[in-house]
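Structure at a glance
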Amino acid sequence: MTMRKTKSKSFARMRAAVLLVSLAASLVLTSCLGNIEAETNQQPTDETTIVETSETAPIVETTAEPTPTPEPDLADLPPSEDAPVVALTFDDGPSLRDTGTLLDLLAAEEVPATFFVIGSQVEIGREELVKRAYDEGHEIGNHTYSHQILTTLDQAQVRQELSDTSDMIENIIGSKPTVMRPPTGAWSDDIAAASEELGMAVVNWNWQSCPEDWNHHDDPQHISDFVIETAQNGHIILLHDTNEATVASMPDMIAGLKERGFRFMTVSQMLEHLGEGHPQAGGVYHTYAQPEN
Ligand SMILES: [Zn+2]
C-alpha cells in the first residue's frame, strides 16, 4: 500500500508534463461531426391501474379476478427501438468543481452513468468522489493514469498506465474496472490486448457524439440540444465531467432524452444485454450492436 502510493507519487511528478501535453492533444481531435437522422422513439408509459377494494363486499359476489400481469421492469429489457437506451459516459474526472454537482443531478433524475476516471486525478484527494459515484449506482471505468495517447507508448507503459489506475480504483470501490477508455479514443490491437490482460473491454463512443462538449465548451444549450437530437438506441455518449457547461447542460439533456423515450444504463449494463460474456475483456465497443456472426 505504502509502496504503491510512493510509486504513484513519483509517477505523478514524472507524468505531470506529459499529462498537459496529452490533454492538449485531446483538444485537437479530428472533427467527426456528422448529421444523422434522429428517430423519435416514443415509449408509451406503463400505467398501473389502481383497483380499489372494499372489505365489506359480499363474498358471494366476488368474481375471479384476472391474474395480475407483472409490470415489466424496464431496466431488464434490452435496448430496442421500442424501448431505447443510451449510456451517458463522463471522461477525465473526477473534478472537484463539477463531479459532485453532476452526481446530485444524476441522483435527482435516477440516471445511472459511467465515469472514466484518470488515475492522476483520483489520487490527489478525490477518492471520495469515485466512491460516491460507485455507491450511487454508477460504473467506474479506467481512463489511464496520466491521459497519454496510448498508441504513442510501448506495451509496458500502456500496461502501467492501465494497471496503476485499475489498482487505484480497486482500492476505493473494492473491485477492478471491467471497462477502459483510451484517451482521445486512440486504440490498437496491442491496447486491446493489454486491456484484455487486465480484464477490461475497450469502450469508445459512437461517432455522432464525438466530442461535442469539448468543441462547445461554454454552450450548455448546444450540448444538450445536440445530444437530444442525435441520440439513437444503443448510443454510448461521450461527455466530460470536467466541463462546467456539460454539467449545466444535463437537466435539459436528461429531460429531452426522457421525452424521446430513452432509458439510461451504465455501459456494462447496456452491453450485458448483448449476451453472456459482454462486455468482453479485450473487446472493442463503440455502441450497442448485435455482434456479427
Ligand atoms: Zn479523456
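Since we're looking at a predicted model, the values are computed, not measured. (Residues numbered from 1 in each chain as written. Predicted model: local features only at pLDDT ≥ 70, side-chain atom pairs only at ≥ 80, totals over all residues.)

**Quick look at the overall build of the chain**
- Counting its regular elements, the chain contains 10 helices and 8 strands.
- For the chain, buried positions account for 41% of its 293 residues.
- A fraction of 78% describes how many contacts in the chain between residues 6 or more apart in sequence connect residues 24 or more apart. (Helix = DSSP H or I, 4+ residues; strand = E, 2+ residues; numbered from the N terminus. Buried ≥ 20, exposed ≤ 12 C-beta atoms within 10 Å, placed from the backbone. Contact = placed C-beta atoms within 7 Å.)

**Observations concerning the pairing of strand β2 (residues 114-117)**
- Neither face of β2 is exposed, since T114 and F116 on one face and F115 and V117 on the opposite face are all buried.
- Bridge analysis of strand β1 (residues 85-91) against β2 gives 3 bridges, and the strand direction is parallel. Bridging across to β2, D91 finds its partner in F116.
- Crossover connection from β1 via helix α2 (residues 99-109) to parallel β2: handedness right-handed.
- Where β2 meets strand β3 (residues 139-142), 4 bridges bridge the pair, whose relative direction is parallel. Along β3, the bridge assignment pairs F116 with G141. (Pairing = 2+ DSSP bridges. Right-handed = clockwise from strand over helix to strand, strands pointing away.)

**With respect to the environment of L129**
- Its place among the elements puts L129 in helix α4 (residues 127-135).
- Sequence-wise, L129 and T99 are 30 residues apart; in three dimensions their C-alpha atoms are separated by 7.3 Å.
- The residues contacting L129, other than those within four sequence positions of it, are P94, T99 and G100.

**Considerations on the environment of D218**
- Topologically, D218 is positioned in the loop between α7 (212-215) and α8 (220-230).
- When the C-alpha atoms of D218 and T246 are compared, they prove to be 8.2 Å apart, with 28 residues separating the residues in sequence.

**Here's the deal with the nonpolar core**
- Ranked by size, the top nonpolar core spans 58 residues in total, and within it V86, A87, L88, V130, V203 and I237 carry the most contacts.
- Ranked by residue count, the leading element in this core is helix α9 (residues 244-259), at 6 residues.
- Excluding residues that lie within four positions of it along the chain, V203 makes contacts with G141, V179, M180, R181, I236, V267, P279 and Y285. (Core = buried A, V, L, I, M, F, W, Y, C linked by C-beta atoms within 7 Å.)

**A few points about α2**
- Inspection of α2 places T99, L102, L103 and L106 among the buried residues, and these make up the whole buried set. The arc enclosing the buried residues of α2, seen along the axis, measures out at 100°, which places them on a common side.
- Each element contacted by the buried residues of α2 is listed here: β1, α4 and α9. (Arc of directions from axis to C-beta.)

Nothing here speaks to function; it is all geometry.
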